[in-house]
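Understanding the architecture of this molecule
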Amino acid sequence: MPELILTRHGQSLWNAENRFTGWVDVPLSERGRAEATIASCKLREHRVDVCYTSLLFRAMETAVICLTECDDICGGKTPIFKHDANDPNWHGWDHYNVDLKKELPIFPTPALDERYYGDLQGLNKTETAEKFGVEQVQRWRRSFDVRPPGGESLEDTMRRSVPYFKTRILTHIKQGENVLISAHGNSLRAILMYLDDLSSEEVVKLELATGVPIVYELDRTAKVLDKEILDK
């Protein structure tokens, strides 16, 4: 049966500083790269046919480490980022000669970007709670439909990530391919809400650790058959 592997990126430099990150393109910390390497080792008995990431470097960096630290994951294929030819900054990077059977495509997409934290981006979470109150900051961070100032709610994030997941990513599952998604706490919460049929009250309580793979076994209709969190 095809597998769907979801991985939140490893710890970023701003995760380590307890800052709101959102769409700020902060790379992984040393610990984050180690977490991605450990995730790769945990996945060595699995195979990946195609990978999706957000446009943010911490997710792409995690994906590359997961796919390359343990070579067996790719089944001898070379991971190659596939760029959008409609992007005005596209440079023809996809113009090359290669045996497609030896290529593992990685598709970056804004649909999987982290929730946009608006005016909170860059602020320290503890200091923000001291300024606005713990309860108010908790509502901004964990409510399903409450937006932080100038930002997105989890519901907003779900409205872009889940349709893309259903129309694009699940197509691979229905073809029998194994998929790795390297993304973020909130875009992955939205997908887990769909897969696990969670309510808006349940999903806000969902905590996703950095660099810990979640492996779903699905049938070709995308029905969930089994789920395993590789946290040991």
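In this text, all values refer to a predicted model and were calculated from it rather than measured experimentally.

Time to look at helix 7 (residues 185–195). For helix 7, the tally of buried residues reaches ten of eleven residues, placing the bulk of the element in the interior. Immediately beyond the C-terminal end of helix 7, within one or two residues, lies Asp 197, with a positive phi of roughly 55 degrees.

This part takes up the UniProt feature "site: Transition state stabilizer" (unreviewed entry) in the protein. Per the UniProt record, "site: Transition state stabilizer" (unreviewed entry) is annotated on His 184. Here His 184 lies in the loop between strand 5 (179–183) and helix 7. Residue classification places His 184 among the buried residues on the basis of a relative accessible area of 0%. Setting aside residues up to four positions removed in sequence, His 184 forms contacts with Arg 8, His 9, Ser 54, Leu 56, Arg 58, Ala 59, Leu 112, Asp 113 and Glu 114.

Once that is clear, we can look at the pattern of salt bridges. As enumerated under the stated definition, the model contains nine salt bridges in all. The residue Arg 19 makes a salt bridge to Glu 17 at a minimum N-O spacing of 2.9 Å. With relative accessibility at 24%, the residue Arg 19 sits in the partly exposed group. Between Glu 103 and Lys 82 there is a salt bridge, with its nearest N and O atoms 3.2 Å apart. Residue Glu 103 is found in strand 4 (residues 103–108), and its partner Lys 82 is found in the loop between strand 3 (78–81) and strand 4; the two are separated by 21 residues along the sequence. Owing to a relative accessible area of 6%, Glu 103 belongs among the buried residues under this scheme. Given a relative accessible area of 19%, Lys 82 falls into the buried group.

Our next topic: the nonpolar core. If you look at soluble globular proteins, the nonpolar side chains tend to sit buried side by side. Ranked by internal contacts, the top residues of the largest apolar core, which has 24 residues, are Leu 4, Leu 6, Tyr 52 and Ile 181. Residues contacting Tyr 52, with those up to four places away along its chain left out, are Phe 107, Leu 112, Tyr 164, Arg 168, Ile 169, His 172, Val 179, Leu 180, Ile 181 and Ser 182. Grouped together as the second largest cluster of nonpolar side chains are 16 residues, Ile 5, Ile 73, Leu 104 and Leu 180 included.

Let us look at the pairing of strand 4. Summarising burial for strand 4: five of the six residues are buried, a large majority. Where strand 2 (residues 50–53) and strand 4 come together, three bridges link them in parallel fashion. For Cys 51, the partnering residue across the bridge sits in strand 4 and is Ile 106. As defined by bridge partners, strand 3 adjoins strand 4 across four bridges and the pair is classed as parallel.

Once that is clear, we can look at the packing of aromatic side chains. Scanning the model with the defined rule gives six aromatic pairs in all. Ring centres of Phe 20 and Tyr 117 lie 5.2 Å apart, and the angle between their planes is 50 degrees; on these two criteria the pair is classed as tilted. Placement of Phe 20 in the loop between helix 1 (13–16) and helix 2 (30–42) and of Tyr 117 in the loop between strand 4 and helix 4 (125–132) is noted, with a sequence separation of 97 residues between them. You'll find Phe 20 and Tyr 117 in the same group, each marked buried.

Right, let's talk about the packing of helix 6 (residues 154–174) against helix 7 for a bit. Direction vectors running N to C along helix 6 and helix 7 enclose 65 degrees, while the axes themselves pass 8 Å from each other. Crossing handedness for the pair helix 6 and helix 7: right-handed. Every residue of helix 7 that contacts helix 6 at Leu 154, Thr 157, Met 158, Ser 161, Val 162, Phe 165, Lys 166 and Leu 170 is listed here: Asn 186, Ser 187, Arg 189, Ala 190, Ile 191, Met 193, Tyr 194 and Leu 195. Classifying every residue of the contact of helix 6 with helix 7 gives ten nonpolar, four polar and two charged.

Spatially, 3-4-2-5-1-6-7 is the arrangement adopted by the seven strands of the open sheet, whose pairing is mixed. Strands with a single pairing partner mark the edges of an open sheet, and in this sheet they are strand 3 and strand 7 (224–229). In this sheet, neighbouring strand axes are inclined to one another by 20 degrees on average, regardless of whether the strands run parallel or antiparallel. Pairing geometry for strand 2 and strand 5, over four bridges, is parallel. Paired with Tyr 52 across the two strands is Ile 181, which belongs to strand 5. Contacting strand 1 (3–8), strand 2, strand 3, strand 4 and strand 5, helix 3 (residues 57–68) runs over the sheet at an angle of about 140 degrees to strand 5.

Conventions and cut-offs
Residues numbered from 1 in each chain as written. Predicted model: local features only at pLDDT ≥ 70, side-chain atom pairs only at ≥ 80, totals over all residues. Heavy atoms only, no water. Buried < 20%, exposed > 50% of the residue type's maximum accessible area, 1.4 Å probe, protein only. Helix = DSSP H or I, 4+ residues; strand = E, 2+ residues; numbered from the N terminus. UniProt positions renumbered as here; feature names shortened; annotations may be inferred. Contact = heavy atoms within 4.5 Å. Salt bridge = Lys/Arg side-chain N within 4 Å of Asp/Glu carboxyl O. Core = buried A, V, L, I, M, F, W, Y, C linked by side-chain atoms within 4.5 Å. Pairing = 2+ DSSP bridges. Phe/Tyr/Trp six-rings, centres within 6.5 Å; stacked < 30°, edge-to-face > 60°. Axes fitted to C-alpha atoms, helices over the stretch in contact; angles between N-to-C directions. Left-handed = near helix turned anticlockwise from the far one by under 90°. Nonpolar A, V, L, I, M, F, W, Y, C, P; charged D, E, K, R; others polar.

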